[in-house]
Amino acid sequence: MFQQRINKRPFATLVIASAVLLAIAGCSKKEVTSTQVVASVDGEEISVHQVNAMLGKARGVTQETLPLAKAEILGSLVDQQLAINMAMSKKLDRSPEIVAAIETAKREILARAALEQIASAQPKPTEEEAKKYYADNPALFSERRIYNLQEITLGKATPNLDQVRARVASAKSMEEIAAWLKERNINFAPNSGTRSAEQLPLEILPKLHAMKDGQIAFLESKDNFLVMRVAGSQQQPVSEAQALPAINVFLTNLRGGDAIKAAKAEMKAKAKIEYFGEFAGGEAALKAKAQAEADAAAQAKAKAAEDAKASADAAAKLKAEEQAAAQAEQEARAKARDAARAQGGK
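Below or above, wherever it landed, is the structure these notes cover. (Residues numbered from 1 in each chain as written. Predicted model: local features only at pLDDT ≥ 70, side-chain atom pairs only at ≥ 80, totals over all residues. Heavy atoms only, no water.)

**Quick notes on the overall build of the protein chain**
For step 1, the next point in the chain: Summing up its helical and strand segments, the protein chain has ten helices and six strands in all.
For step 2, the next point in the chain: For the protein chain, contacts bridging at least 24 residues in sequence account for 71% of all contacts bridging at least 6.
For step 3, the next point in the chain: When the accessible surface of the protein chain is totalled, it reaches about 23100 Å², and 55% of it is carbon and sulfur. (Helix = DSSP H or I, 4+ residues; strand = E, 2+ residues; numbered from the N terminus. Contact = heavy atoms within 4.5 Å. Areas by Shrake-Rupley, 256 points an atom, 1.4 Å probe, with all protein chains shown as cover.)

Below, the structure is given as structure tokens:
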């Protein structure tokens, strides 16, 4: 009934999750008093704090359904403890795979907790800030549209982008652009569908908002290039009162994300970070190398396609010339025969 799925998790996941929680809490664990214990499974105690922690994550719990929710959560914790006891009896907590997984999960939990603490410490957006965001983004709110879009997605490593831009600018239809890309063996992914303004990347929304129905444009997003045609659109504005709650959440998350990004940059600048072996040079060098290899592969593929097309065109031209020469020879012979017959008849 309630959104708790502990009793449905894989057995190994139960062991890892529980062991991680115990490992993190172990260094600061306080004595659990008898009044805090709500159940015992073969001597292993389950506390009211465990119940309350899971209750805080449950959704759809009301005052009327609270007793039933607690009962279901307690049942899940008992089932979990039974599985953990079995794992411990089989010494699964000593398995190298489980130990490694526990350490990985522990690192993720601790890192996430530290970053969430940074985000939660940021001041909440004021009403003035939320209203300003509403006024500054008409494409999302007061002039919001529902778009019927035709799209062609191109990778960041797409070759001959200037030619692609020029072709898009002169094209009359998406089919024409797709055919042109196919002729040059340029990889692309077509798509179409209806999307509202808030479902579109923020970096392209203002440009898309300025487009009229039927217009085609070449746009760049963070991850790729897009050829987009607004096949049709419908105005569906959102009032300030409707938008403010969502804007507050968005600005809160944005502010927290910016704070986390800044904190990461500061920590990285202060830390002594060394890279070894195949990772020598660090993240930036590895990304640059990977991008260079991807670009080189894309260019090589494009050149191979151009060479293959040139070879095919040359072969077709040679065949046409041979056919024309053969036809001319046949016509010459026929003309010679006709001339000889005419001469013989005199």
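Moving on from the coordinates now.
**Topic: the packing of helix 2 (residues 48–57) against helix 3 (residues 66–89)**
For step 1, the next point in the chain: For the pair helix 2 and helix 3, interaxial distance at closest approach is 10 Å and the crossing angle is 115 degrees. Where helix 2 crosses over helix 3, the two elements pack in a sense that is right-handed. In this structure, helix 2 contributes Gln-50, Val-51, Met-54 and Leu-55 to the contact, and helix 3 contributes Leu-66, Ala-69, Lys-70, Ile-73, Leu-74 and Leu-77.
For step 2, the next point in the chain: Looking at side-chain class alone, the contact of helix 2 with helix 3 contains eight nonpolar, one polar and one charged residues. (Axes fitted to C-alpha atoms, helices over the stretch in contact; angles between N-to-C directions. Left-handed = near helix turned anticlockwise from the far one by under 90°. Nonpolar A, V, L, I, M, F, W, Y, C, P; charged D, E, K, R; others polar.)

**Structural notes on the sheet that holds strand 4 (residues 189–196)**
For step 1, the next point in the chain: Strand order in the open sheet formed by four strands is 4-3-6-5, with antiparallel pairing between adjacent strands. If you trace the sheet from one side to the other, it starts and ends with strand 4 and strand 5 (216–220), each paired once. If you compare each strand with its neighbour and ignore which way they point, the axes differ by 30 degrees on average.
For step 2, the next point in the chain: Across eight bridges, the pairing between strand 3 (residues 145–155) and strand 4 is antiparallel. Bridged to Thr-153 within strand 4 is Ala-189.
For step 3, the next point in the chain: Seen against the sheet, helix 6 (residues 161–170) touches strand 3, strand 5 and strand 6 (224–235) and runs at an angle of roughly 150 degrees to strand 5.
For step 4, the next point in the chain: Against the sheet, helix 7 (residues 174–183) touches strand 3, strand 5 and strand 6, its axis set at about 10 degrees to strand 3. (Pairing = 2+ DSSP bridges.)

**What to know about the packing of aromatic side chains**
For step 1, the next point in the chain: One pass over the full model with this rule turns up four aromatic pairs.
For step 2, the next point in the chain: Ring centres of Tyr-133 and Phe-141 lie 6.2 Å apart, and the angle between their planes is 70 degrees; on these two criteria the pair is classed as edge-to-face.
For step 3, the next point in the chain: Its relative accessible area of 16% is what places Tyr-133 among the buried residues.
For step 4, the next point in the chain: The buried category is assigned to Phe-141, whose relative accessible area is 10%.
For step 5, the next point in the chain: Look at Tyr-134 and Phe-141: their rings are 5.1 Å apart centre to centre, the planes differ by 25 degrees, and that puts the pair in the stacked class.
For step 6, the next point in the chain: Connected via pairs of aromatic rings, a cluster forms that spans Tyr-133, Tyr-134, Phe-141 and Phe-250. (Phe/Tyr/Trp six-rings, centres within 6.5 Å; stacked < 30°, edge-to-face > 60°. Buried < 20%, exposed > 50% of the residue type's maximum accessible area, 1.4 Å probe, protein only.)

**Some remarks on the side chain of Ser-221**
For step 1, the next point in the chain: You can see Ser-221 is positioned in the loop between strand 5 and strand 6.
For step 2, the next point in the chain: In contact with Ser-221, not counting residues within four places along its chain, are Lys-156, Glu-203, Ile-204 and Leu-226.

**Re the pattern of salt bridges**
For step 1, the next point in the chain: Applying the stated criterion across every chain yields a total of 15 salt bridges.
For step 2, the next point in the chain: The partner of Arg-144 in a salt bridge is Glu-198, and the shortest N-O contact between them spans 2.8 Å. With Arg-144 in the loop between helix 5 (127–136) and strand 3 and Glu-198 in the loop between strand 4 and helix 8 (205–209), the pair connects residues that are 54 residues apart, well separated along the chain.
For step 3, the next point in the chain: With its nearest N and O atoms 3.0 Å apart, the salt bridge here joins Asp-307 to Lys-303. Taken as a pair, Asp-307 and Lys-303 lie in helix 10 (residues 282–344) at a separation of four residues, close to a single helical turn.
For step 4, the next point in the chain: The exposure class of Asp-307 is partly exposed, given its relative accessible area of 39%.
For step 5, the next point in the chain: A network of salt bridges, in which partner residues are shared, links Lys-268, Glu-283 and Lys-287. (Salt bridge = Lys/Arg side-chain N within 4 Å of Asp/Glu carboxyl O.)

**Here's the deal with helix 9 (residues 240–270)**
For step 1, the next point in the chain: In this model, helix 9 (31 residues) spans 43 Å end to end at C-alpha, consistent with the 45 Å of a helix rising 1.5 Å per residue.
For step 2, the next point in the chain: Within the span of helix 9, buried status applies to Ala-243, Leu-244, Ile-247, Leu-251, Gly-256, Ala-259, Ile-260 and Ala-263.
For step 3, the next point in the chain: Where helix 9 is buried, its residues meet helix 4 (96–120) and helix 5. (Expected span 1.5 Å × (residues − 1).)

**Considering the nonpolar core**
For step 1, the next point in the chain: Counting 24 residues, the largest nonpolar core has Phe-141, Tyr-147, Leu-149, Leu-205, Leu-208, Met-228 and Ile-247 as the members making the most contacts within it.
For step 2, the next point in the chain: Secondary structure elements with two or more residues in this core: helix 5, strand 3, helix 8, strand 5, strand 6 and helix 9.
For step 3, the next point in the chain: Here this core gets four residues from one element, more than from any other, and that element is helix 9.
For step 4, the next point in the chain: If you look at the next biggest cluster of nonpolar residues, it comprises 16 residues, including Val-168, Trp-180, Leu-181 and Ile-216. (Core = buried A, V, L, I, M, F, W, Y, C linked by side-chain atoms within 4.5 Å.)

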